[in-house]
Amino acid sequence: AQSVAQPEDQVNVAEGNPLTVKCTYSVSGNPYLFWYVQYPNRGLQFLLKYITGDNLVKGSYGFEAEFNKSQTSFHLKKPSALVSDSALYFCAVRDPARISGGYNKLIFGAGTRLAVHP
Amino acid sequence: EAGVAQSPRYKIIEKRQSVAFWCNPISGHATLYWYQQILGQGPKLLIQFQNNGVVDDSQLPKDRFSAERLKGVDSTLKIQPAKLEDSAVYLCASSRAVLAGNEQFFGPGTRLTVL
């Protein structure tokens with residue numbers, strides 16, 4: 001079964017420092033991977049995705065993520081954190097080779113709360 | 001373009017009452033999703049529509065939850081009767097098609113509290 005793990009409930013980082021939010025996945029085939037961000041009282045907002053090609057994916061607001069097939073990881077990174085980056089971050093995976101009821105689900109991790117301190 | 005619209009934003013009911021949520025997806029998006037997000041967890045898919053047809057409702061508690069998308073545009077999700085464990089944020093999302101690589105666009109959600 002496909003699954004996503006976000007091993008850290010919370011990540012604390014000082015403004016201006018680099019940040020990493022970790023994500024590992026388990027799928028039977030080649031994964032499609034996504035990162036979403038959720039601000040308080042708002043829905044999830046798409047940040048970036050990996051489908052195929054270059055392992056380093058660039059997304060919105062200066063975020064990027066690196067797909068590592070051997071480590072089954074898709075960590076989210078940013079070179080210099082901002083206080084406004086403080087939010088809840090979700091990693092999600094979809095296995096395009098796995099059919100469930102005809103279409104494949106997007107499976108979300110439990111989320112990691114990022115706190116950027118001034 | 002306008003985003004996914006949901007209403008109401010907040011709802012408080014007592015257990016055994018019924019409640020309905022409404023969603024209007026982004027114009028032109030054929031695929032619509034309803035998720036349940038319990039506090040401290042990631043969103044869990046309840047039901048997925050392609051136009052006005054259901055393509056995945058395997059995680060929908062069908063004894064109490066129902067959803068429809070009659071004209072292939074907006075959708076309603078109903079809970080009847082509600083239980084305490086239904087307290088959660090209900091998120092609606094849409095995407096252009098059900099292709100695996102398409103990202104989903106989410107509405108602001110409806111926060112349901114069951115007392």
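Look up a bit, the structure's there.
Here the structure is a predicted model, which means the values were calculated and not measured.

**Some thoughts on the overall build of chain B**
Of the regular secondary structure elements, chain B holds zero helices and eleven strands. Of the regular secondary structure in chain B, the N- to C-terminal order runs β-β-β-β-β-β-β-β-β-β-β. The C-alpha atoms of chain B give a radius of gyration of 13 Å, which matches the 13 Å a tight globule of 115 residues would have. The dimensions of chain B, computed from C-alpha atoms along their principal axes, are 40 × 25 × 25 Å. By residue count, 48% of the 115 residues in chain B fall in the buried class. Pairs at least 24 apart in sequence give 54% of the contacts found in chain B among residues at least 6 apart. When the accessible area of chain B is evaluated, it comes to approximately 5400 Å², of which 51% is carbon and sulfur surface. Chain B carries 13 positive and 10 negative side-chain charges, and their two centres are separated by 4 Å.

**Describing the interface of chain B and chain A**
Contact residues are listed per partner, giving 27 residues for chain B and 23 residues for chain A. Counting the surface lost from both chain B and chain A, the interface buries some 1900 Å², and carbon and sulfur atoms represent 52% of this. Inspection of the chain B/chain A interface yields one salt bridge. With its nearest N and O atoms 2.8 Å apart, the salt bridge here joins E103 of chain B to K49 of chain A. On the surface where chain B and chain A come into contact, there are three residue pairs in polar contact (both at pLDDT 80 or more). In terms of residue count, strand β4 (residues 31–37) of chain B provides more of the side of chain B that touches chain A than any other element does, three residues in total. Residue composition of the side of chain B that touches chain A, by class: twelve nonpolar, eleven polar and four charged.

**A closer look at the packing of aromatic side chains**
Counted according to the given criterion, the structure contains 14 aromatic pairs over all chains. For the pair Y25 of chain A and F67 of chain A, a centre-to-centre distance of 6.2 Å together with 25° between the ring planes defines the contact as stacked. Here F67 of chain A lies in strand β8 (residues 64–68) and Y25 of chain A lies in strand β4 (residues 24–26), a separation of 42 residues in the sequence. The interplanar angle of 80° and the centroid separation of 5.5 Å between the aromatic rings of Y36 of chain A and F106 of chain B together place this pair among those described as edge-to-face. Of this pair, Y36 of chain A sits in strand β5 (residues 32–38) while F106 of chain B sits in strand β10 (residues 105–106), placing the two residues on different chains. F106 of chain B gets classed as buried once you look at its relative accessible area, which sits at 10%.

**Concerning the pairing of strand β11 (residues 110–114) of chain B**
Residues and elements named next belong to chain B. The alternating pattern of β11 places T110, L112 and V114 on a buried face, while none of R111 and T113, on the opposite face, is buried. Direction of pairing for strand β9 (residues 88–95) relative to β11: antiparallel, over a ladder of three bridges. By the bridge assignment, V89 is partnered in β11 with R111.

**Points about the state of the cysteines**
Throughout the structure, instances matching the rule amount to two disulfides over all chains. Across the disulfide from C23 of chain A sits C91 of chain A; the S-S distance is 2.0 Å. A torsion of -65° about the S-S bond marks the disulfide between C23 of chain A and C91 of chain A as left-handed. Pair noted here: C23 of chain A is in the loop between β3 (19–21) and β4 and C91 of chain A is in strand β10 (residues 87–94), with a separation of 68 residues, a long-range link. In this pair, the class of C23 of chain A matches that of C91 of chain A, namely buried. Through a disulfide, C23 of chain B is tied to C92 of chain B; the S-S separation comes to 1.9 Å. Looking along the S-S bond of the C23 of chain B-C92 of chain B disulfide, the torsion reads about -70°, which is the left-handed sense. Within this pair, whereas C23 of chain B is found in strand β3 (residues 19–24), its partner C92 of chain B is found in strand β9, the two being separated by 69 residues in sequence. For the pair C23 of chain B and C92 of chain B, a shared accessibility class is recorded, and that class is buried.

**Quick look at the pattern of salt bridges**
Side chains carrying opposite charge are able to pair once their charged atoms draw close together. Residue and element names in this part refer to chain B. By the definition in use, this model includes six salt bridges over all chains. Between K62 and D57 there is a salt bridge, and its shortest N-O distance comes to 3.7 Å. Owing to a relative accessible area of 27%, D57 belongs among the partly exposed residues under this scheme.

Calculation rules
- Residues numbered from 1 in each chain as written.
- Chains lettered and ligands numbered in written order.
- Predicted model: local features only at pLDDT ≥ 70, side-chain atom pairs only at ≥ 80, totals over all residues.
- Heavy atoms only, no water.
- Helix = DSSP H or I, 4+ residues; strand = E, 2+ residues; numbered from the N terminus.
- Rg over C-alpha atoms; globule rule 2.2 N^0.38 Å.
- Buried < 20%, exposed > 50% of the residue type's maximum accessible area, 1.4 Å probe, protein only.
- Contact = heavy atoms within 4.5 Å.
- Areas by Shrake-Rupley, 256 points an atom, 1.4 Å probe, with all protein chains shown as cover.
- Lys, Arg positive; Asp, Glu negative; His and termini not counted.
- Charge placed at Lys NZ, Arg CZ, Asp CG, Glu CD.
- Buried area = accessible area lost by both parts, 1.4 Å probe.
- Salt bridge = Lys/Arg side-chain N within 4 Å of Asp/Glu carboxyl O.
- Polar contact = N/O pair within 3.5 Å; in protein donor to acceptor, adjacent residues only side chain to side chain.
- Nonpolar A, V, L, I, M, F, W, Y, C, P; charged D, E, K, R; others polar.
- Phe/Tyr/Trp six-rings, centres within 6.5 Å; stacked < 30°, edge-to-face > 60°.
- Pairing = 2+ DSSP bridges.
- Disulfide = S-S within 2.5 Å.

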